[in-house]
Amino acid sequence: MFEGFEGGRLPAAFMSAGTSSFTEFVRSVSPELLPGHHLPSGGGTEHLTPDATTIVALTFPGGVVMAGDRRATQGNVIANRDMEKLFRTDEFSAVAIAGSAGIGIELARLYQVELEHYEKMEGRVLSLEGKANKLAQMVRGNLGMAMQGFVVVPLLVGYDDSTGTGRVFSYDAVGGRYEEHRYHSIGSGSVYARGSIKKLYQDDLDETGAVRVALESLYDAADDDSATGGPDLHRKIFPLVDVITEDGHRRVPTDDVARLATEVVEGRAAHPDGPTATLS
């Protein structure tokens, strides 16, 4: 028996071929399950919900790195110290969120299902360009919540097998999609993070160098933005880092991130304002 369905039977929509978009299917069958639908209308409660903060991404020859701090804030209070903001969406792409944390997490998980559903319905994987466009449509669907203050801004990264390169896509609150070249950052500390990457980035960074630059930039963001959490050596809370290459998506092991983050913190003891030369 299926609870909530008359006679325990699935509606006809579940038995037809339907659309290759899982989001459109849910919207037609059970729109109340979509991200943000359960929130009250009229606004005025956005200050009560935690916000995810800073994400950075940068490309290197043959791939792309994305990293995010772990802090979520609620006004001037730290709501969560070890939040996960990076999500593997398929073998060659990942998405991260900044903004309203609860809706952002729901959006990211729905996007994972969206890509899986498309692959099952169409028998093929979306191109990276198609994945970027699909996410833009989903962000646009959150426009009503965004107008009430529940803004979610994602960052999509992936490996494009047609060009053999890593690519970065950013979005605005109304679903505008923009390809960023070389590097980008989003969230409350994004201005400081981007300024840091600008000092350190070079086109010939290797994977380890790119990860190190990402960690340096998050440190700088945390240094100037109270909503961004830096490496917490005492609690052993470190940024999450994803790498995507021709070999697919990989979450950098915590021990490796901890080692590099500790080097960054120790380096700032001697040079508080950070390095001025590109790291490799």
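One can find the structure itself at the top, above this paragraph.
What you see is a predicted model, and the numbers here were worked out from it, not measured in a lab.

Cut-offs applied
- Residues numbered from 1 in each chain as written.
- Predicted model: local features only at pLDDT ≥ 70, side-chain atom pairs only at ≥ 80, totals over all residues.
- Heavy atoms only, no water.
- 1 Å grid on protein atoms, 1.4 Å probe; cavity = no way out; pocket = protein on both sides within 12 Å on 5 of 7 lines; lining within 4 Å.
- Points joined across faces, edges and corners; volume = space filled by probe spheres on them.
- Helix = DSSP H or I, 4+ residues; strand = E, 2+ residues; numbered from the N terminus.
- Expected span 1.5 Å × (residues − 1).
- Buried < 20%, exposed > 50% of the residue type's maximum accessible area, 1.4 Å probe, protein only.
- Pairing = 2+ DSSP bridges.
- Axes fitted to C-alpha atoms, helices over the stretch in contact; angles between N-to-C directions.
- Contact = heavy atoms within 4.5 Å.
- Core = buried A, V, L, I, M, F, W, Y, C linked by side-chain atoms within 4.5 Å.

**Student:** Just give me the short version of the layout of surface pockets, but keep the residues and values in it.
**Tutor:** What the second largest pocket holds in volume is close to 210 Å³. What lines the second largest pocket is a set of 13 residues, and nearest its centre among them are Thr89, Asp90, Glu91, Leu115 and Glu119. Put simply, the parts of the chain that give the lining of the second largest pocket at least two residues each are strand 6 (86-90) and helix 2 (101-122). When residues in the lining of the second largest pocket are grouped by element, the largest group, five residues, is from helix 2.

**Student:** Can you tell me about helix 2, naming the residues and giving the values?
**Tutor:** Here helix 2 contains 22 residues, and its C-alpha end-to-end distance of 31 Å stays within 8% of the 32 Å for a straight helix at 1.5 Å per residue. Considered for burial, the residues of helix 2 that qualify are Ala101, Ile103, Gly104, Leu107, Ala108, Leu110, Tyr111, Gln112, Glu114, Leu115, His117 and Tyr118. Downstream of helix 2 by a residue or two, Gly123 has a phi angle that is positive, lying close to 75°.

**Student:** Residue-level account of the sheet that holds strand 13 (residues 248-251), with values.
**Tutor:** Read across the sheet, five strands follow the order 11-2-3-12-13 without closing on themselves; strand pairing throughout is antiparallel. Because the sheet does not close on itself, it has two edges, and the strands there are strand 11 (183-186) and strand 13. The average undirected angle you get between the axes of adjacent strands in this sheet is 15°. Sheet topology note: the strand 2 (residues 55-60)/strand 3 (residues 63-68) ladder contains six bridges and is antiparallel. Note that in strand 3 the partner of Leu58 across the bridge is Val65. Packing against the sheet, helix 5 (residues 190-200) makes contact with strand 2 and strand 11, and its axis sits at approximately 160° to strand 11.

**Student:** Help me get a handle on the nonpolar core, residues and values and all.
**Tutor:** Counting residues in hydrophobic clusters, the biggest one holds 27 residues, and the most contacted among them are Val56, Leu58, Val65, Val211, Leu215 and Val241. Contributions of two or more residues to this core are made by strand 2, strand 3, helix 5, helix 6 (207-224), strand 12 (240-245) and helix 7 (254-270). In terms of residues, this core owes the most to one element, helix 6, which gives seven residues. Leaving out residues up to four positions away in the same chain, Val241 has contacts with Val65, Met66, Ala67, Leu86, Val211, Leu215, Arg250, Arg251, Val252 and Val257.

**Student:** So what's going on with unusual backbone geometry? Residues and values would help.
**Tutor:** Positive phi, normally seen in glycine, also occurs at Arg182, with a value near 80°. Relative to the helices and strands, Arg182 is located in the loop between strand 10 (177-180) and strand 11. Since its relative accessible area comes to 39%, Arg182 is described here as partly exposed. One non-glycine residue, Lys236, lies in the positive phi region at around 60°. Inspection of the secondary structure assignment puts Lys236 in the loop between helix 6 and strand 12.

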